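Architecture at a glance
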Amino acid sequence: MDFFTSLAESFTNNLIAEQRYRMILDGLQVTLIITLCAAVLGTLLGGLVCWMRMSRRQWLQKVAKVYIDIMRGTPVLVVLMLMYYVIMAPMEATGIVVAIVTFGMNAAAYIGEMLRTAIQGIDKGQTEAGLALGYTPTQTFIRIVLPQVVKAVMPVYQGEVISLLKGTSIVGYIAVTDMTRASDLIRSRTFDAFFPLLLTALIYFFMAWLVGRFLTALTKKERMKALAAA
């Protein structure tokens, strides 16, 4: 009973008092915005990086490889602070915009390599068959190659999106009040580190679970469409 009483008091002091739960909700909204926008941007940039890596032009391949090496070899926090305090400072961009661009650029390096590996794993005979049926190279890629690439890359892509979600917890370093920063502000006011951090950890876990379930359901839906088309 003492444990539950203490938990109820912590709940009241950390969330109900002064309506501090609004800080968590606002931080959650910021976290979701950064994650969603960065995932979309990272996917689009990842497709571009993949195209450059598979281009016949050597200079495009080299540029893409250097980009991937830089993103993979540099901590995201360092890139985030460089973008905020140096590169994008003259633009007076908000911290949220900087975070979206930074995490999108970082995710693109990994997503690009995922796509390239998946495309190279598709038998070239399927592309040749599509061309023999009268499809253009673009139609062959979209109708034959791309569905197989999506199916192959989705499990790894799911893990990358979840890693992106968890990685956004560092945006407090550039004065963005995300969920982690909000819980830290609550801790500094109530001097209770356990409850705010535990609540934040549970919310991150629940969001990661939801993202995994959503992408899994999306993959199953695409498979059902493919079976119906077949």
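A brief structural summary. This structure is a prediction, so every number in the text was calculated from the model and none was measured.

A word on helix α4 (residues 76-87)
The complete set of buried residues in α4 reads V79, L80 and M83. All buried residues of α4 project into a common sector of 105° when viewed along the axis, lining one side. On its buried face, α4 sits against α3 (58-73) and α5 (95-120).

Some remarks on the packing of aromatic side chains
Scanning the model with the defined rule gives two aromatic pairs in all. The interplanar angle of 25° and the centroid separation of 6.1 Å between the aromatic rings of F206 and W209 together place this pair among those described as stacked. Placement of both F206 and W209 in helix α9 (residues 194-229) is noted, with a separation of three residues, approximately one turn of the helix. Under the relative-accessibility criterion, F206 is labelled partly exposed at 46%.

Some remarks on the nonpolar core
Counting residues in hydrophobic clusters, the biggest one holds 24 residues, and the most contacted among them are I34, A99, F103 and V171. In this structure, F103 is in contact with I34, A38, V76, L164, G167, T168, I170 and V171, ignoring residues within four places of it in sequence. If you look at the next biggest cluster of nonpolar residues, it comprises 15 residues, including M114, V149, Y157 and V161.

Some words on the layout of surface pockets
A volume near 1,400 Å³ is recorded for the largest pocket. Around the largest pocket, the lining comprises 41 residues; the ones closest to its centre are L115, I119, F141, L146 and V149. Among the secondary structure elements, those contributing two or more residues to the lining of the largest pocket are α2 (21-53), α5, α6 (124-132), α7 (137-167) and α9. Considering every element that reaches the lining of the largest pocket, the biggest residue donor is α7, with twelve residues. Of the residues assigned to the lining of the largest pocket, the class counts are 30 nonpolar, seven polar and four charged.

Rules and cut-offs
- Residues numbered from 1 in each chain as written.
- Predicted model: local features only at pLDDT ≥ 70, side-chain atom pairs only at ≥ 80, totals over all residues.
- Heavy atoms only, no water.
- Buried < 20%, exposed > 50% of the residue type's maximum accessible area, 1.4 Å probe, protein only.
- Helix = DSSP H or I, 4+ residues; strand = E, 2+ residues; numbered from the N terminus.
- Arc of directions from axis to C-beta.
- Contact = heavy atoms within 4.5 Å.
- Phe/Tyr/Trp six-rings, centres within 6.5 Å; stacked < 30°, edge-to-face > 60°.
- Core = buried A, V, L, I, M, F, W, Y, C linked by side-chain atoms within 4.5 Å.
- 1 Å grid on protein atoms, 1.4 Å probe; cavity = no way out; pocket = protein on both sides within 12 Å on 5 of 7 lines; lining within 4 Å.
- Points joined across faces, edges and corners; volume = space filled by probe spheres on them.
- Nonpolar A, V, L, I, M, F, W, Y, C, P; charged D, E, K, R; others polar.

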